[in-house]
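Okay, here's what each chain looks like letter by letter:
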Amino acid sequence: MRAVVARVTRASVVVDGETVGAIDEPGLLVLLGVHVEDTAAQAATMARKLHELRLLRDEESCADTGAPLLVVSQFTLYGDARKGRRPSWTAAARPEVAEPLVTATVADLRARGARVQTGRFGAEMAVESVNDGPFTVVLDI
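Residues numbered from 1 in each chain as written. Predicted model: local features only at pLDDT ≥ 70, side-chain atom pairs only at ≥ 80, totals over all residues. Heavy atoms only, no water.

## Points about the pairing of strand β2 (residues 18–23)
One face of the sheet, then the other: side chains in a regular strand alternate in exactly this way. Selection rule: The rule for pairing is simple: two strands pair if DSSP sees at least two bridges between them. Each helix is a run of DSSP H or I of at least 4 residues and each strand a run of E of at least 2, with the numbering of both proceeding from the N terminus.
Alignment of strand β1 (residues 2–15) against β2, held across 5 bridges, turns out to be antiparallel. Counterpart to Ser12 in the pairing with β2 is Ala22. Between β1 and β2, which follow one another and run antiparallel, lie 2 residues, and Asp16 among them has a positive phi close to 50°.

Here it is in structure tokens:
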């Protein structure tokens, strides 16, 4: 799994003019991609890492502060544009594999006590964020 994680002061996801997920306080915006070889074990590891990662101010984590996370599925994180001008998506998991793993990551976060908002899997989403710092990292599990 791969995640692009941004420390934000607020973030939201809109689908067809409707806000489907939003955080209105400092937290993390997580763009989450699933690789063709990922398993439930990677989803659990990603959830733990996201919850405990010390990216917030004063080197605190969402586990420490109760800060919210907005998790948005993003298959394009596995786009490969090293050759030619058109990205290849062969490393991204198909929707029937990716959706349960994104759902499992969110469920694992919530089981840890995290406050989690989400986008809508497979939808055309408009993601808006106000980065804090800006402070953004890439996690590969």
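## Considering the side chain of Thr105
Which entries qualify depends on this criterion: In protein, a polar contact requires one atom able to donate a hydrogen and another able to accept it; more generally it is a pair of N or O atoms within 3.5 Å, and residues adjacent in sequence count only if both atoms are side-chain atoms. Two residues qualify as a contact provided that any one of their heavy atoms is within 4.5 Å of a heavy atom in the partner residue.
Relative to the helices and strands, Thr105 is located in helix α3 (residues 95–111). A distance of 2.9 Å separates a polar atom in the side chain of Thr105 from the backbone oxygen of Leu101. Setting aside its immediate chain neighbours within four residues, Thr105 contacts Met1, Leu32, Ala43, Met46, Ala47 and Leu50.

## Examining helix α1 (residues 40–52)
Threshold: A helix is expected to span 1.5 Å multiplied by its residue count minus one. For every residue, the accessible area obtained with a 1.4 Å probe (protein chains only) is divided by the maximum for its type, and the residue is called buried under 20%, exposed over 50%, and partly exposed between those limits. Arc, as used here, means the arc of the directions from the helix axis to the C-beta atoms.
For α1, spanning 13 residues, the distance from its first C-alpha to its last is 18 Å, which sits close to the expected 18 Å at 1.5 Å a residue. Turning to α1, its buried residues number three or more, namely Ala43, Met46, Ala47, Leu50 and His51. Here the buried residues of α1 occupy an arc of 125° about the axis, which is enough to place them on one side. Buried residues belonging to α1 abut β1, β3 (27–33), α2 (62–65), β4 (69–73), α3 and β6 (126–140).

Any functional reading would require information that these geometric values do not contain.
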